[in-house]
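For reference, the chains in residue letters:
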Amino acid sequence: QLQLVESGGGLVQAGGSLRLSCAASGRTFSGYVICWLRQAPGKEREVVAGISKSGGNTYYPDSVKGRFTISRDNAKNTVYLQMNSLKPDDTAVYYCAADPAVRSFLAPPSNYGYWGQGTQVTVSS
């Protein structure tokens, strides 16, 4: 089993920055595609960033492109999400998810087999 634990969420003013971390344990971390997803009240869960096993490929939807950056340190078993220029619309619970078999960053969230517990990000206007 792969265990994932997110941290770094909190309250920030619009225009501010936060860095989320996702620490993994239990399996060989480099064997997993990782993504960050978020879910706001009343909305579907959406992928906001994805990173390949080696870290060489990344994905961002248009809603966060240019503001969010995903990175991974396989030696530390940790994935990061740097979020800049935050907007109130970014308010959500943020989750990291992992799977060894995902082939596309456009795969539905249900394709990811391992999930963290989530961390709340609140952006005030």
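Overview of the structure. Keep in mind the model is a prediction, meaning the values are calculated, not measured. (Residues numbered from 1 in each chain as written. Predicted model: local features only at pLDDT ≥ 70, side-chain atom pairs only at ≥ 80, totals over all residues. Heavy atoms only, no water.)

## Points about the state of the cysteines
Let me state the cut-off plainly: Only a pair of cysteine sulfur atoms within 2.5 Å counts as a disulfide in this structure description. Counting from the N terminus, the helices are the DSSP runs of H or I reaching at least four residues and the strands are the DSSP runs of E reaching at least two. Exposed residues in this analysis have more than 50% of their type's maximum accessible area, buried residues have under 20%, and partly exposed residues fall in between, with area computed by a 1.4 Å probe over protein chains only.
Overall, the coordinates contain one disulfide when judged by the stated rule. What pairs with Cys-22 in a disulfide is Cys-96, and their sulfur atoms sit 2.0 Å apart. Sign of the S-S torsion, about 60° for the bond between Cys-22 and Cys-96, identifies this disulfide as right-handed. You can see Cys-22 sitting in strand 3 (residues 18–25) and its partner Cys-96 sitting in strand 9 (residues 92–99), a full 74 residues away along the chain. Cys-96 carries the same exposure label as Cys-22, and that label is buried. Residue Cys-35 stays outside any disulfide, its sulfur separated by 8.4 Å from that of Cys-96, the closest cysteine.

## Re the side chain of Asp-90
The following threshold applies: We define a polar contact as two N or O atoms separated by no more than 3.5 Å, with the added condition that, inside protein, one atom must be a possible hydrogen donor and the other a possible acceptor, whereas residues neighbouring each other in sequence contribute only through side-chain atom pairs. Between two residues, a contact is recorded if the distance between any of their heavy atoms is within 4.5 Å.
Tracing the backbone shows Asp-90 in the loop between strand 8 (78–83) and strand 9. Overall, the relative accessible area of 1% leaves Asp-90 in the buried class. Within the structure, Asp-90 has its side chain in polar contact with the side chain of Arg-38 (distance 2.8 Å). When neighbours within four sequence positions are excluded, Asp-90 is seen to be in contact with Arg-38, Arg-67, Phe-68, Ser-85, Val-121 and Val-123.

## Comments concerning the nonpolar core
Condition: What is meant by a nonpolar core is a set of buried Ala, Val, Leu, Ile, Met, Phe, Trp, Tyr and Cys residues, joined one to another through side-chain atoms within 4.5 Å.
Of all hydrophobic cores here, the largest spans 30 residues; its most connected members are Leu-4, Trp-36, Phe-68, Ile-70, Leu-81, Met-83 and Tyr-94. Put simply, the parts of the chain that give this core at least two residues each are strand 3, strand 4 (33–39), strand 5 (46–51), strand 7 (68–73), strand 8, strand 9 and strand 11 (119–124). Setting aside chain neighbours within four positions, we find Phe-68 in contact with Arg-38, Val-48, Tyr-60, Leu-81, Gln-82, Met-83, Asn-84, Leu-86, Asp-90 and Tyr-94.

## Topic: the packing of aromatic side chains
Here is the rule we go by: Classification of ring pairs uses Phe, Tyr and Trp, with its six-membered ring standing for Trp, and accepts pairs whose centres are within 6.5 Å; under 30 degrees between planes counts as stacked, over 60 as edge-to-face, and the remaining range as tilted. A ring has a charge above it when a Lys NZ or an Arg CZ is no more than 6 Å from the ring centre and no more than 35 degrees off the ring normal.
In total, this model carries three aromatic pairs according to the counting rule given. Ring geometry for Tyr-59 and Phe-105: centres 6.0 Å apart, planes at 20°, overall stacked. Of this pair, Tyr-59 sits in strand 6 (residues 58–59) while Phe-105 sits in the loop between strand 9 and strand 10 (114–115); the two residues are 46 residues apart in sequence, bridging distant segments of the chain. According to the relative accessible area criterion, Phe-105 is buried, its value standing at 18%. Sitting over the ring of Phe-29, Arg-72 keeps its end group 4.6 Å from the ring centre.

## Side note on the sheet that holds strand 1 (residues 3–7)
Which entries qualify depends on this criterion: A pair of strands is considered paired only if DSSP assigns at least 2 bridges between the two. A fitted line through C-alpha atoms represents every axis, and for helices the fit uses only the stretch in contact; the resulting angles, taken between N-to-C directions, go from 0 to 180 degrees.
If you trace the four strands from one edge of the open sheet to the other, you get 1-3-8-7, paired in antiparallel fashion. Sheet topology places strand 1 and strand 7 at the edges, where each strand pairs with a single neighbour. Averaged over all adjacent pairs, the angle separating strand axes in this sheet is 15°, with direction ignored. As judged from the five bridges shared by strand 1 and strand 3, these two strands associate in the antiparallel manner. Note on strand 3: the bridge partner recorded for Val-5 is Ala-23.

## Observations concerning the environment of Leu-20
Considering the arrangement of structural elements, one finds Leu-20 in strand 3. With residues up to four places along the chain from it excluded, the contact list for Leu-20 reads Ser-7, Gly-8, Gly-9, Trp-36, Val-79, Tyr-80, Leu-81, Met-83, Tyr-94, Thr-119 and Val-121.

## Observations concerning unusual backbone geometry
Residue Asn-77 is not a glycine yet carries a positive backbone phi of 55°. Relative to the helices and strands, Asn-77 resides in the loop between strand 7 and strand 8. Overall, Asn-77 belongs to the partly exposed group, its relative accessible area being 24%.

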